[in-house]
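Residues per chain, in single letters:
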Amino acid sequence: GAASAASQTYRLRAEQNWALALAHPMAFHAIKGGFADSELPEPTDELAASLRPMALHEFGLRTDLDNASVRQQLPDLLRTRWWCFDLDKLQPGDDPRAAMAFACARISFFVRTAAMLGWLPPEQQWLLLQLNAARARDCFASWQDFGEAYVQGRAQWVSTGRADAMGRALSQEELQGWLLNPAHPWSAFAWR
């Protein structure tokens, strides 16, 4: 069986793992096994090619920019706008709280992706991930609370034709499976 989270040795500090755990649904889908509790992985050429256009689109940057141009523009863009990505795309009828959970997960994923692609310095990556984690903790009471809002946020995102890497809604059964699986980051790392 899986060892309990308390007895595991982690490569990253608890607050770093917690901040990355927010992104787990997208990270697990886009990157085999996700990126919780891993040093900054060097993406294969194939993985970088799949992540690059997704991330540039999320950040509102042209997909034909070279990496030097992205490294020049992205740090300041994220410093001033990280908190409003996806929240500035609300549709009439979207539940703001659900949108917040969805935005917290996505910005965690895309900040880590940008760091993996060499576009952000490590210290800025961790600062942004910590700010996003603080926002999530302020808005939600538990992984269950966050997860339910995330599932609703994902459903409202895809129901109006907005796209992302997963491209589908998630079920309550999937959420409960994550919350009950001791190996899943949402179960392994305590909310507070």
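Everything below is about the structure shown above.
Residues numbered from 1 in each chain as written. Predicted model: local features only at pLDDT ≥ 70, side-chain atom pairs only at ≥ 80, totals over all residues. Heavy atoms only, no water.

1. Observations regarding helix H5 (residues 96-116)
Move 1: For H5, which comprises 21 residues, the first-to-last C-alpha distance of 30 Å matches the rise-based estimate of 30 Å (1.5 Å per residue) to within 8%.
Move 2: Counting buried residues along H5, 19 of its 21 residues qualify, which places the element largely inside the surrounding structure.
Move 3: If you check the start of H5, you find a side-chain oxygen 3.1 Å away from the backbone N of arginine 97, and it comes from aspartate 95.
Move 4: Just downstream of H5 lies glycine 118, where phi reads positive at about 80°. (Helix = DSSP H or I, 4+ residues; strand = E, 2+ residues; numbered from the N terminus. Expected span 1.5 Å × (residues − 1). Buried < 20%, exposed > 50% of the residue type's maximum accessible area, 1.4 Å probe, protein only. Polar contact = N/O pair within 3.5 Å; in protein donor to acceptor, adjacent residues only side chain to side chain.)

2. Some points on the packing of aromatic side chains
Move 1: Counted by the stated rule, this structure contains 16 aromatic pairs.
Move 2: Arranged with centres 6.1 Å apart and planes meeting at 90°, the rings of tyrosine 150 and tryptophan 186 form a pair that is edge-to-face. Taken together, the residues tyrosine 150 in helix H7 (residues 143-159) and tryptophan 186 in helix H9 (residues 185-188) connect sequence positions 36 residues apart.
Move 3: Its relative accessible area of 0% is what places tyrosine 150 among the buried residues.
Move 4: The exposure class of tryptophan 186 is buried, given its relative accessible area of 3%.
Move 5: The rings of Trp18, Phe102, Phe140, Trp143, Phe146, Tyr150, Trp157, Trp178, Trp186 and Trp191 are connected pair by pair, giving a single aromatic cluster.
Move 6: Between the NZ or CZ atom of arginine 81 and the centre of the ring of phenylalanine 85, over which it lies, the distance is 5.6 Å.
Move 7: The ring of tryptophan 18 carries arginine 137 above its face, with NZ or CZ at 3.7 Å from the centroid. (Phe/Tyr/Trp six-rings, centres within 6.5 Å; stacked < 30°, edge-to-face > 60°. Lys NZ or Arg CZ within 6 Å of the ring centre and 35° of its normal.)

3. Concerning the environment of arginine 137
Move 1: Structurally, arginine 137 can be placed in helix H6 (residues 122-139).
Move 2: Non-local contacts of arginine 137, meaning those with residues more than four positions away in its chain, are made with Trp18, Ala190, Trp191 and Arg192. (Contact = heavy atoms within 4.5 Å.)

4. Quick word on the packing of H5 against H6
Move 1: As a packed pair, H5 and H6 sit with axes 10 Å apart at the nearest point and diverge in direction by 165°. On the basis of the axis angle, H5 is roughly antiparallel to H6. Like other packed secondary-structure pairs, H5 and H6 cross with a definite hand, here left-handed. Here Arg97, Met100, Ala103, Cys104, Ile107, Ser108, Val111, Arg112 and Ala115 of H5 come into contact with H6, specifically with Gln125, Trp126, Leu128, Leu129, Asn132, Arg135, Ala136 and Cys139. (Axes fitted to C-alpha atoms, helices over the stretch in contact; angles between N-to-C directions. Parallel < 35°, antiparallel > 145°, perpendicular 65-115°, else oblique. Left-handed = near helix turned anticlockwise from the far one by under 90°.)

5. Thoughts on the pattern of salt bridges
Move 1: With the rule as written, the count across this model stands at seven salt bridges.
Move 2: We note a salt bridge from aspartate 86 to arginine 106, for which the minimum N-O separation is 2.6 Å. Remark: arginine 106 occurs in helix H5 and aspartate 86 occurs in the loop between helix H4 (67-81) and H5; sequence separation between them is 20 residues.
Move 3: A salt bridge links aspartate 145 to arginine 97, with the shortest nitrogen-to-oxygen separation between them at 2.6 Å. Here aspartate 145 is found in helix H7, whereas its partner arginine 97 is found in helix H5, with 48 residues between them in sequence.
Move 4: According to the relative accessible area criterion, aspartate 145 is buried, its value standing at 18%.
Move 5: Judged by its relative accessible area of 38%, arginine 97 falls in the partly exposed class.
Move 6: Among the charged side chains, a network of salt bridges with common partners joins Glu58, Asp86 and Arg106. (Salt bridge = Lys/Arg side-chain N within 4 Å of Asp/Glu carboxyl O.)

6. Comments concerning the packing of H7 against helix H8 (residues 172-180)
Move 1: H8 packs onto H7 with a crossing angle of 155° between their chain directions and a minimal axis gap of 10 Å. Looking at the two axes, H7 sits roughly antiparallel to H8. Both H7 and H8 take part in a crossing whose hand is right-handed. Counting all contacts with H7, which are made through Trp143, Gln144, Gly147, Glu148 and Val151, the residues of H8 involved are Gln172, Leu175, Gln176 and Leu179.
Move 2: Of the residues that constitute the contact of H7 with H8, the class distribution is four nonpolar, four polar and one charged. (Nonpolar A, V, L, I, M, F, W, Y, C, P; charged D, E, K, R; others polar.)

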